[in-house]
Amino acid sequence: METGSGNHRFEVVQGWGRVPESVRLGYTHGIVVDSADNVYVFHTGSPSVVKFDEQGNYISSWGEQFEGGAHGFYLHKEAGGEFLYVTDTARSLVVKLTLDGKEQLVIGTPVLPDIYGPDKRFVPTDVAVGPNGDIYIADGYGQSWIHQYKADGSYIRSWGGKGSEPGQLNCPHGISVDVRGPEPVLYVADRGNHRIQVFTLDGKHIRFVTNDMDMPCSFYYDGDEMYFPDLHSRVTIFDKNDRLISHLGEDQQAYKQQGWPNLPKSYYRPDRFSSPHGVCVDSKGNVYVAEWIIDGRITKLARIRG
C-alpha cells in the first residue's frame, strides 16, 4: 500500500509502534526522531513521552507531568547533545529536557501585563531554537504572539498579536527555524489565517506562503525539503522555494465528516490521513506521522527508492 508521487513514494508500514498496556495514548500531537533513528511520540495520555526503535518496538516511556497538556515537540541537536523542547498547554509551560526526561530549563508565562492577565492565558503550542541558541515560542492557543528568549531563558522580545495583516497572527500553531538559505529565517504556521508567515529571526515580516495548504500545523526539514502536517487530512512536502512536491495520504473527505477528528475506527485507512499534527523524517528518508485523534494514531511511511 503506497502513497506519494514521483520520486517521493512511500510504502505504509502497517501496525508500526507497539504500545504496551502500561501506556494510555491520548491525542498524539508530536513526533520526533533522534540521531540513532529512535522515534519519540508526545501525547496527552500518560506517560506522555513514548520511545520506539525504528522497527516500532517499545523502548521506554516517561513524562507523566505532561498528561493533558502535551503539545509541541521539538528535538534539537546542540553542543551538549540532543534535547527535547516541549510545550504544555495545560500548565502554560515550555520545558527543555534530556532524551530521558531530565528537566534542563522551564519557561512560563512572559511577564507582559499588556498581553497576559487572568482572562488572557499564555498557551504555547510549539517551540524552535535558532543557530545561536535563541528559543522561539509560539503562543498559538493563547494570544497569538511569538516570544524570543536567549538559551538561558532570559527574555528578548515579542511580536505578533491577533489579526491578518503582515506580522499579525491567528493561531501561530507551529514554529521552526529554516537554515536552508543564505540567512536563517523563521517559519510560522499561521493556521487560523490558513497560511505560513516567514519572519527574520528578530521578528520582521518577510513574506506569506499561501499556495497548496489549508491548516499547516508545524514543520520538519529534511535536506532542502520541508514536510508539514496539514490538519485537513494530508502531509505536504515543499521544496526550498516553497513549491509543492507532493501531498501524502490525502483524504479530502475526512475533515468534512461529522465528529471529526474522532471518527469511527472503521473510517480510517492505512494509506490515508485524517488529522496530521506532527511529522518527522529519519536518516533513511522514512516519514513518521502523529495524528490529532483520541487514543492516538501513529503511521510510518517507508521511503521507496529507485
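Enquirer: Can you lay out the sheet that holds strand β14 (residues 155-160) for me, pointing to particular residues and giving the numbers?
Expert: Hydrogen bonds along the backbone pair up the strands of a sheet, which may run parallel or antiparallel. With antiparallel pairing, 4 strands are arranged side by side in an open sheet as β11-β12-β13-β14. Only two strands of the sheet have a single partner each, and these edge strands are β11 (126-129) and β14. Strand after strand, the sheet turns through a mean of 20° between neighbouring axes, direction not considered. Sheet topology places strand β13 (residues 145-149) next to β14; 5 bridges connect them, and they run antiparallel. The residue of β14 that forms the bridge with Tyr-149 is Tyr-155.

Enquirer: Before we move on, can you summarise the layout of surface pockets with the specific residues and values?
Expert: The volume enclosed by the largest pocket comes to roughly 820 Å³. Every residue lining the largest pocket is counted, 40 residues in all, and those nearest its centre are Tyr-74, Leu-75, Ser-176, Tyr-220 and Tyr-221. Of all the elements in the fold, those that place two or more residues in the lining of the largest pocket are β3 (28-33), β7 (70-78), β11, β15 (172-178), β19 (220-222) and β23 (276-281). If one sorts the elements of the lining of the largest pocket by residue count, β7 sits on top with 7 residues. A breakdown of the residues in the lining of the largest pocket according to their chemical character gives 18 nonpolar, 15 polar and 7 charged. Roughly 170 Å³ of internal volume is contained in the second largest pocket. Around the second largest pocket, the lining residues are Val-12, Val-13, Gln-14, Gly-15, Trp-16, Gly-17, Pro-270, Arg-297, Ile-298, Thr-299 and Lys-300. Among the elements that line the lining of the second largest pocket, the one with the most residues is strand β25 (residues 298-303), at 3 residues.

Enquirer: For the packing of aromatic side chains, give the residues involved together with the corresponding values.
Expert: This structure, assessed with the given rule, holds 16 aromatic pairs. Pairing Tyr-267 with Tyr-268 gives two aromatic rings, centres 6.4 Å apart and planes at 85°, and the pair type is edge-to-face. When its relative accessible area of 22% is taken as the criterion, Tyr-267 is described as partly exposed. Three or more aromatic residues joined by ring pairs make a cluster, and in this case those are Tyr-187, Phe-219, Tyr-221, Phe-228 and Phe-238. Arg-269 extends its terminal NZ or CZ atom over the ring of Tyr-267, reaching a point 5.9 Å from the ring centre.

Quick notes on the rules
- Residues numbered from 1 in each chain as written.
- Predicted model: local features only at pLDDT ≥ 70, side-chain atom pairs only at ≥ 80, totals over all residues.
- Heavy atoms only, no water.
- Pairing = 2+ DSSP bridges.
- Helix = DSSP H or I, 4+ residues; strand = E, 2+ residues; numbered from the N terminus.
- Axes fitted to C-alpha atoms, helices over the stretch in contact; angles between N-to-C directions.
- 1 Å grid on protein atoms, 1.4 Å probe; cavity = no way out; pocket = protein on both sides within 12 Å on 5 of 7 lines; lining within 4 Å.
- Points joined across faces, edges and corners; volume = space filled by probe spheres on them.
- Nonpolar A, V, L, I, M, F, W, Y, C, P; charged D, E, K, R; others polar.
- Phe/Tyr/Trp six-rings, centres within 6.5 Å; stacked < 30°, edge-to-face > 60°.
- Buried < 20%, exposed > 50% of the residue type's maximum accessible area, 1.4 Å probe, protein only.
- Lys NZ or Arg CZ within 6 Å of the ring centre and 35° of its normal.

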